[in-house]
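# Residue-level structure breakdown
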Amino acid sequence: VQLVESGGGLVQVGGSLRLSCAASGSSSNFTAMGWYRRGQWANHEFIGGISWTDGAAYYAHFVEGRFTISRDTAKNTVYLQMNNLRREDTAVYYCAAESPESGAYDYWGQGTQVTVSS
């Protein structure tokens, strides 16, 4: 499974951005997709994920309703809609796909930079 993120960029505080992640190959190769981020001084931080079968989404507490994860199964694409962005949201954002064999996020994209400026 190969993952390619897009949609990163520079946005002002309070603004919105939508990231996309397109997966190549058959969707039977993954059971869920998720988003992580890594800020300049932080480790990888889990944002949330979505089940590929039923579309159920789950989020880390810090999201506080500002981010929404959705999927388009026809396009094998997952989205991360980010609203009311804060400076601390500045990070490289990664999408990942969960392997049905391991149950872990074994496949990763290259990351896309999001910079939130005041």
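Here, the structure is the one placed above.
One structure accompanies this document, and this report is about it.

Reading guide: rules and limits
- Residues numbered from 1 in each chain as written.
- Predicted model: local features only at pLDDT ≥ 70, side-chain atom pairs only at ≥ 80, totals over all residues.
- Heavy atoms only, no water.
- Helix = DSSP H or I, 4+ residues; strand = E, 2+ residues; numbered from the N terminus.
- Rg over C-alpha atoms; globule rule 2.2 N^0.38 Å.
- Buried < 20%, exposed > 50% of the residue type's maximum accessible area, 1.4 Å probe, protein only.
- Contact = heavy atoms within 4.5 Å.
- Areas by Shrake-Rupley, 256 points an atom, 1.4 Å probe, with all protein chains shown as cover.

### Quick word on the overall build of the protein
Of the regular secondary structure elements, the protein holds zero helices and eleven strands. In sequence order, the secondary structure elements of the protein are arranged as β-β-β-β-β-β-β-β-β-β-β. Against the compact-globule benchmark of 13 Å for 118 residues, the protein has a radius of gyration of 13 Å, which places it among compact chains. Overall, the C-alpha framework of the protein stretches about 40 × 25 × 25 Å when taken along its three principal axes. Burial analysis of the protein (118 residues in total) assigns 42% to the buried set. A sequence separation of at least 24 residues applies to 51% of the contacts in the protein between residues at least 6 apart. Accessible area of the protein: about 6,000 Å², with a carbon and sulfur share of 47%.

### Topic: unusual backbone geometry
Glycine aside, negative phi is the norm for most residues, and most peptide bonds take the trans geometry. One non-glycine residue, E64, adopts positive backbone phi at about 55°. Structurally, E64 is set in the loop between β6 (57–59) and β7 (67–72). The backbone phi angle of N76 is positive, close to 50°, even though this residue is not glycine. As for its position among the elements, N76 is in the loop between β7 and β8 (77–82).

None of this, on its own, says anything about what the molecule does.
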